[in-house]
Amino acid sequence: MTNKTLVIVNATGRQAASLARVASAVGYQVRAHVSQKTTPVGQELEALQNVILIQGSLEDKELVADLFAGARKAFINTISWGDEVAIGKSLADAAKKAHVQQYVYSSMPDHSVFGKGWPAVPLWSCKFTVENYIRQIGLPATFVYTGIYNNNFTSLPMPLFRMALQPDGSFEWKAPFDPHIAIPWFDAEHDTGPAVLQILKDGPQKWSGHRIALAFELLTPTRVCRLFSCALRRPVRYVYGQTIDIEVSVPNGYREQLLALEVLFGKYKAPYFGMDLERGVSREVNDANGWNGDGSGGDSGKGTAVEEARALWPGWRGIEEYAREVFPLEEAAHGLTWMNEET
């Protein structure tokens, strides 16, 4: 069964947990690293058949070596706890030493390398540094780039993706994304697992060295709000502002991330994935409501990276379905009750 062993790092995150659920269900022996077993997601994963949790710090060299022993496939999503670059390199070194044959790394772009004067986004550029290291050491790897999570939205006072509930029962989303430019979206919990599972099934010969955008829709912010409005049956308005409101205490590293996003998207209107994954994508739409002439709102995906993602996983969940079926449940889990009130 060693060839059916799949290593998953930071398994309680949305991306990794999604893969752990579907991979274990189809017979993979999932060796899932977690920092704490006692979290709700950790407890859920531990109860699944074919999942073994490995708890500990990724700065522990012995733990990292044991994690990959005998495994041939791995999915890695490093996070900003500790030195992410050092941890990313250590994981890659250990995987290469263990002769892992298919290494899927969740990366992101470093916009500063495109020569446009764009800033590096701190929590993204470190992933790009790790990606380059993985390529340098010759580890057979595929790199997935994720669009904006549908799951980011909340009515709680969190920055950037707050759907702020108004006194009249409507919602308002304020962000620095140009209302006329389509940006990539995907549902991390629903769609990461099946898409990455297909990459693993296809094997390293097909995807080794490739960058794949995990983005299933290209939607303008105004179109996103229209879809939320249809799903929730209440008005949802988009407000464009070049600054991001920060109403709660956030770690300094995340504050730096938000400031970089303000400049990148508010000032420069840069493409979300940089240049490589967005060549040939028509980002501009025809009117302020976010509609193309064919009514698609920039979400057709024809001839784009979106089409490749949909080929990997045809059962993707769009943002309207997310807003209708999942958003109210996540809000209720946070103790909110607006979904039970008349508007």
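Residues numbered from 1 in each chain as written. Predicted model: local features only at pLDDT ≥ 70, side-chain atom pairs only at ≥ 80, totals over all residues. Heavy atoms only, no water.

For the chain, the name recorded in an unreviewed UniProt entry is NmrA-like domain-containing protein, with Letharia columbiana as its organism.

Participant: Sorry if this is basic, but what is going on with the overall build of the chain here?
Facilitator: The helix and strand tally for the chain stands at twelve helices and 13 strands. The dimensions of the chain, computed from C-alpha atoms along their principal axes, are 55 × 45 × 40 Å. By the burial criterion, 53% of the 343 residues in the chain qualify as buried. Considering only contacts in the chain between residues 6 or more positions apart, those separated by 24 or more positions represent 73%. In the structure as shown, the chain presents an accessible area of about 14800 Å², 50% of it carried by carbon and sulfur atoms. With 33 positive and 38 negative side-chain charges, the chain shows a separation of 5 Å between the mean positions of the two kinds. (Helix = DSSP H or I, 4+ residues; strand = E, 2+ residues; numbered from the N terminus. Buried < 20%, exposed > 50% of the residue type's maximum accessible area, 1.4 Å probe, protein only. Contact = heavy atoms within 4.5 Å. Areas by Shrake-Rupley, 256 points an atom, 1.4 Å probe, with all protein chains shown as cover. Lys, Arg positive; Asp, Glu negative; His and termini not counted. Charge placed at Lys NZ, Arg CZ, Asp CG, Glu CD.)

Participant: What exactly am I supposed to notice about the nonpolar core here?
Facilitator: Among soluble globular proteins, nonpolar side chains are generally buried collectively. Counting residues in hydrophobic clusters, the biggest one holds 74 residues, and the most contacted among them are Phe-68, Tyr-103, Phe-153, Trp-173, Phe-177, Trp-185 and Phe-228. Tallying contributions element by element places helix 8 (residues 221-232) first for this core, with six residues. Each residue touching Phe-177, except ones within four places of it in the same chain, is listed here: Ile-148, Leu-160, Phe-161, Ile-183, Pro-221, Tyr-238, Tyr-240 and Phe-265. If you look at the next biggest cluster of nonpolar residues, it comprises 31 residues, including Val-51, Leu-53, Phe-75 and Val-144. (Core = buried A, V, L, I, M, F, W, Y, C linked by side-chain atoms within 4.5 Å.)

Participant: Can you walk me through helix 9 (residues 252-267) in this structure?
Facilitator: Note on helix geometry: an α-helix contains 3.6 residues per turn, so any two residues three or four positions apart are oriented the same way. With 16 residues, helix 9 extends 22 Å from end C-alpha to end C-alpha; this agrees with the ideal 22 Å at 1.5 Å per step. Where helix 9 is concerned, the buried positions are Gln-257, Leu-258, Ala-260, Leu-261, Glu-262, Leu-264, Phe-265 and Gly-266. Contacts made by the buried residues of helix 9 are with helix 5 (122-136) and strand 13 (236-240). Phi turns positive one or two residues past the end of helix 9, at Lys-269, with a value near 50°. (Expected span 1.5 Å × (residues − 1).)

Participant: Got a minute to help me understand the pattern of salt bridges in this structure?
Facilitator: Where charged atoms of side chains with opposite charge meet at close range, the side chains can pair. Within this structure, the stated rule accounts for twelve salt bridges. Its salt-bridge partner being Glu-247, residue Arg-162 comes within 3.0 Å of it at the nearest N-O pair. Highlighted residues: Arg-162 in the loop between strand 7 (148-149) and strand 8 (163-165) and Glu-247 in the loop between strand 13 and helix 9, separated in sequence by 85 residues. A salt bridge links Asp-202 to Lys-206; the shortest N-O distance between them is 3.8 Å. Classification of Lys-206 as partly exposed rests on a relative accessible area of 47%. A cluster of three or more residues bridged by salt bridges with shared partners is formed by Arg-14, Glu-189 and Glu-330. (Salt bridge = Lys/Arg side-chain N within 4 Å of Asp/Glu carboxyl O.)

Participant: Is there a simple way to think about the sheet that holds strand 12 (residues 217-219) in this case?
Facilitator: Backbone-to-backbone hydrogen bonds join strands into a sheet, with any given pair of strands oriented parallel or antiparallel. Taking strand neighbours across the sheet as the criterion, the three strands line up as 7-10-12 in an open arrangement whose pairing is mixed. The sheet is open, and its two edges are formed by strand 7 and strand 12, each paired on a single side. Of the strand pairs in this sheet, strand 10 (residues 183-186) and strand 12 are connected by three bridges, and their pairing is antiparallel. Across the sheet, Ile-183 pairs through a bridge with Leu-219, a residue of strand 12. Across the sheet, helix 8 lies against strand 10 and strand 12, angled at about 105° from strand 12, the strand it touches most. (Pairing = 2+ DSSP bridges. Axes fitted to C-alpha atoms, helices over the stretch in contact; angles between N-to-C directions.)

Participant: So what exactly am I meant to see when it comes to the sheet that holds strand 11 (residues 211-214) here?
Facilitator: The seven strands are arranged 3-2-1-4-5-6-11 in an open sheet whose pairing can be described as parallel. Since the sheet does not close on itself, it has two edges, and those belong to strand 3 (51-55) and strand 11, each with one partner. Strand-to-strand twist of the sheet, defined as the mean angle between neighbouring strand axes without regard to direction, takes the value 20°. Together, strand 5 (102-107), strand 6 (141-146) and strand 11 form the strand contacts of helix 5, whose direction differs from that of strand 5 by roughly 155°.

Participant: Quick question: what am I supposed to make of the packing of helix 3 (residues 61-68) against helix 4 (residues 84-97) here?
Facilitator: Working note: a packed helix pair is described by the angle between its axes plus the distance between those axes. Two elements in contact, helix 3 and helix 4, have axes separated by 9 Å at closest approach and are oriented at 45°. Taken as axis vectors, helix 3 and helix 4 run oblique relative to one another. Note on packing geometry: the crossing formed by helix 3 with helix 4 is right-handed. On helix 4, the residues that touch Lys-61, Val-64 and Phe-68 of helix 3 are Ser-90, Leu-91, Ala-94 and Ala-95. For the contact of helix 3 with helix 4, a count of residues per class yields five nonpolar, one polar and one charged. (Parallel < 35°, antiparallel > 145°, perpendicular 65-115°, else oblique. Left-handed = near helix turned anticlockwise from the far one by under 90°. Nonpolar A, V, L, I, M, F, W, Y, C, P; charged D, E, K, R; others polar.)

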